[in-house]
Amino acid sequence: MSTSNQELARWVEDVAGLTQPDRIHWCDGSEAEDRQLIEAMLASGELEELNQDTHPNCYLHRSNPADVARVEHLTFVCTDEEEEAGPNNHWMAPDEARRKMRELFEGCMKGRTLYVVPYCMGPVDSPLSRCGVEITDSPYVVINMKRMTRMGRDALARIEQEGSFVRGLHSTGELDPERRFIMHFPQDLEIMSYGSGYGGNALLGKKCHALRIASHQARHEGWLAEHMLIVGIQNPQGETRYIAAAFPSACGKTNLAMLIPPEEYKGWKIWTVGDDIAWLHPREDGRLWAINPEAGYFGVVPGTSPKTNPNAYEMIQRDTLFTNVAVTKDNQPWWEGSPDGEPAVDWQGRPHDPANGPAAHPNSRFTVSARQNPSWSEVAEDPRGVPISAIVFGGRRKDTMPLVLQARDWDHGVLLGAGMASETTAAATGKKGVVRRDPMAMKPFCGYNFADYFGHWLDIGDKLEHPPEIFHVNWFQRGEDGGFIWPGFSENLRVLEWMLERAHGDAGAVETPAGLLPQQTELNTEGLDLSTTELEDLLSIDPAAWDQEMEAIGEFFAQFGGRIPDRLQKEFDRVRRALSDGEAVTASAR
Ligand code: SAT
Ligand code: MN
């Protein structure tokens, strides 16, 4: 295979000249090609076969132990002006970045195969989709891209027709953390990644393209590229409404996207459209429509069980790539929270010894085609996408943020998103469990200055005659004993039901200066073991804690100098004033 697109042909030639591979392979995305790559990786030891009786077509990849998560401190946005990238990004001048990367890539594919991976983010026939080509020397990346995107012949045909594509150049290099960079050149729709084979650093269609580069494209084209799951909620009357929800990595997006309704919810059904990324477009009907640009899931394995996420558990019993899990004596994959078995060999391939820490890496992952999910929604392939009724922002917070809060309008919702914070998780290297500001869950992924991004969100609101309602949730509030107050998982549907009733029905709410809270009687808690005080803790705001929260948000905004949009600043001032005036917290709203 090769291509009729001159620009692509020339780029591949140039890269081959620089990196000097032994062979060039144009990926067609076929099953036969996938099979061949897997066989070759089994032979080279890059993959290990898992127990084929219990887990047909499942394989394990053990990464380099120093390459197990995204590296935010080595991830750069390279714009002409540092201000364009903003204080939310690490910045490097484009010339300097290109020089650095050229040195690293020089001759790096000697003895290796260069794979050309054409891919499409979103259904190949959707006008909302965008294409890219990743050049990589990692067959692990190729087989992951095959599951995560529409990869191969059809994508290439679209590129040849359309003429435009995002260029991503990747090499695992020496896997040396000292020689590792993930560079983005938004103006040139270009990505260069060297020295890591890990998901978010190496599967360039995902965070690098579908979020960092796409957020830049979206800004100029009038849409939003967001770190959001998309889920359809079907009620017993058979109506399905769609919600898009942003949470930081490893805060339960995949679980929420695949939720199975609790026993009390007979006749309800959840349909998964996406679990990580949403591209949102205002349409002529005045509503916001969403597609999931991805075709698979790259999910956190630990904690996945028939109890926490039965759909995910079922879908990873076959045709799944595992990265950095442990294995049992009979070679079944094992992880902390696994329902059965014992770990025999840990994620690094050592005999399991609890003294070495968890048997599976806390950020171990599964890669699987979305179609294997029992709750997979066919509309994930609809070129128009789905209309969004509600946007949900959420963080992992032990206190301060109530279970759910509704914004009074779009601008207030943008403030709730911009002010988001969350405790850090294992999805990125660095300290875990510290609260950091993570606006719209995009801190690691927004490809330009957050202040301009908030302005873009406000502009999008102006284009929507029927904007989605905006909410903030926190499933992670802790009680006095240190445990979670809210049971979470399936029970989160109760909160989604209230949201949809707010968006389309007539559920009651209590107005507070921070936003609208459910009236206690309006949240269905039937069958839950919650005391009155617990429910009150979940559904109230503590003025002292909120005062501190607003202080922290104010400090965060201050980093952006005068660039924070006036409208957002005004909204912030309004909420702050209302809180300090101790405005009545009891008035009922519709
Ligand atoms: O960055 S990854 O896509 O590998 C995982 C995540 O952080 O969501
Ligand atoms: Mn994510």
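Residues numbered from 1 in each chain as written. Chains lettered and ligands numbered in written order. Predicted model: local features only at pLDDT ≥ 70, side-chain atom pairs only at ≥ 80, totals over all residues. Heavy atoms only, no water.

S.K.: Break down the coordination of the manganese ion (ligand 2) for me, with residues and values.
M.R.: The protein atoms that coordinate the manganese ion (ligand 2) are Lys-207 (NZ), His-227 (NE2) and Asp-276 (OD), at distances spanning 2.0 to 2.2 Å. In the primary structure, the donors to the manganese ion (ligand 2) are separated according to the pattern K-x19-H-x48-D. Within this pair, whereas His-227 is found in the loop between β12 (224-226) and β13 (228-234), its partner Asp-276 is found in the loop between β15 (269-274) and β16 (278-282), the two being separated by 49 residues in sequence. On the basis of relative accessible area, His-227 is assigned to the buried category, the value being 0%. (Donors = N, O, S within 2.8 Å, 3.2 Å for Na, K, Ca; no water. Helix = DSSP H or I, 4+ residues; strand = E, 2+ residues; numbered from the N terminus. Buried < 20%, exposed > 50% of the residue type's maximum accessible area, 1.4 Å probe, protein only.)

S.K.: Provide a residue-level description of the confidence of the model for the protein, including the pertinent values.
M.R.: When the pLDDT values of the protein are averaged, the result is 96; 98% of them are 70 or greater. Confidence, expressed as mean pLDDT per element, reaches its minimum in the protein at strand β30 (residues 588-589) with 47 and its maximum at β12 with 99. The low-confidence segment residues 586-590 (pLDDT under 50) makes 18 contacts with residues lying over four places distant or belonging to another chain. (pLDDT = per-residue confidence, 0-100. Contact = heavy atoms within 4.5 Å.)

S.K.: Kindly report on the sheet that holds strand β3 (residues 59-61), identifying the contributing residues and their values.
M.R.: The mixed open sheet is built from five strands, whose spatial order is β2-β3-β19-β22-β18. The open sheet is flanked by β2 (48-49) and β18 (296-300), the only strands paired with a single partner. Bridge count between β3 and strand β19 (residues 321-323): three bridges; the pairing is parallel. Bridged to Leu-60 within β19 is Phe-322. With respect to the sheet, helix α5 (residues 139-148) is in contact with β3, β18, β19 and β22 (365-369), its orientation differing from that of β18 by roughly 115°. (Pairing = 2+ DSSP bridges. Axes fitted to C-alpha atoms, helices over the stretch in contact; angles between N-to-C directions.)

S.K.: Report on the domain arrangement of the protein, specifying residues and quantitative values.
M.R.: Assigned domains of the protein: these are domain 1 (6-46 + 66-222), domain 2 (226-295 + 378-586) and domain 3 (297-372). Computed from C-alpha coordinates alone, the two centres of domain 1 and domain 3 are separated by 27 Å. Listed as interface residues are 11 residues of domain 1 and, on the opposing side, 12 residues of domain 3. When domain 1 packs against domain 3, the two sides together hide about 960 Å² of surface, and 63% of this comes from carbon and sulfur. Among the residues domain 1 hides against domain 3, the three largest losses belong to Val-68, Arg-147 and Tyr-198. Together they make up 50% of the total. (Domains from an automatic or database assignment. Buried area = accessible area lost by both parts, 1.4 Å probe.)

S.K.: Describe the nonpolar core, listing the residues and the values that go with them.
M.R.: Phe-322, Phe-454, Trp-457 and Phe-557 are the most contacted members of the largest nonpolar core, which has 105 residues in total. In contact with Phe-454, other than residues within four places in its own chain, are Val-414, Ala-418, Pro-439, Met-440, Phe-556, Phe-557, Ile-564, Pro-565 and Leu-568. Counting residues in each nonpolar core, the second largest holds 37 residues, with Ala-390, Phe-476, Ala-507 and Ala-509 among its members. (Core = buried A, V, L, I, M, F, W, Y, C linked by side-chain atoms within 4.5 Å.)

S.K.: Account for the site of ligand 1, with residues named and values stated.
M.R.: Surrounding ligand 1, one finds Arg-70, Tyr-198, Gly-199, Gly-200, Lys-206, Lys-207, Ser-249, Phe-298, Arg-365 and Ala-427. Between ligand 1 and the protein, one listed contact pairs an oxygen atom with a backbone N or O atom of Gly-200 at 2.7 Å. A distance of 3.0 Å separates an oxygen atom of ligand 1 from a polar atom in the side chain of Lys-207. Alone, ligand 1 offers 250 Å² of accessible surface; in the complex the protein occludes 97% of this. Broken down by secondary-structure element, the contributors of at least two residues to the shell around ligand 1 are α7 (199-202) and α8 (205-221). Its residues assigned to classes, the shell around ligand 1 shows three nonpolar, three polar and four charged. (Near = heavy atom within 4 Å. Polar contact = N/O pair within 3.5 Å; in protein donor to acceptor, adjacent residues only side chain to side chain. Areas by Shrake-Rupley, 256 points an atom, 1.4 Å probe, with all protein chains shown as cover. Nonpolar A, V, L, I, M, F, W, Y, C, P; charged D, E, K, R; others polar.)

S.K.: Provide a residue-level description of the pattern of salt bridges, including the pertinent values.
M.R.: For the structure on display, the rule yields 36 salt bridges. With a closest N to O distance of 3.0 Å, Glu-381 and Arg-150 form a salt bridge. Separated by 231 residues along the polypeptide, Glu-381 in the loop between β22 and β23 (386-394) and Arg-150 in strand β8 (residues 150-151) bring together distant segments of the chain. Glu-381 gets classed as partly exposed once you look at its relative accessible area, which sits at 28%. The exposure class of Arg-150 is buried, given its relative accessible area of 13%. When the shortest N-O distance is used, the salt bridge between Asp-452 and Arg-219 registers 3.7 Å. On the criterion of sequence distance, the pair formed by Asp-452 in helix α12 (residues 450-462) and Arg-219 in helix α8 is long-range, its members being 233 residues apart. (Salt bridge = Lys/Arg side-chain N within 4 Å of Asp/Glu carboxyl O.)

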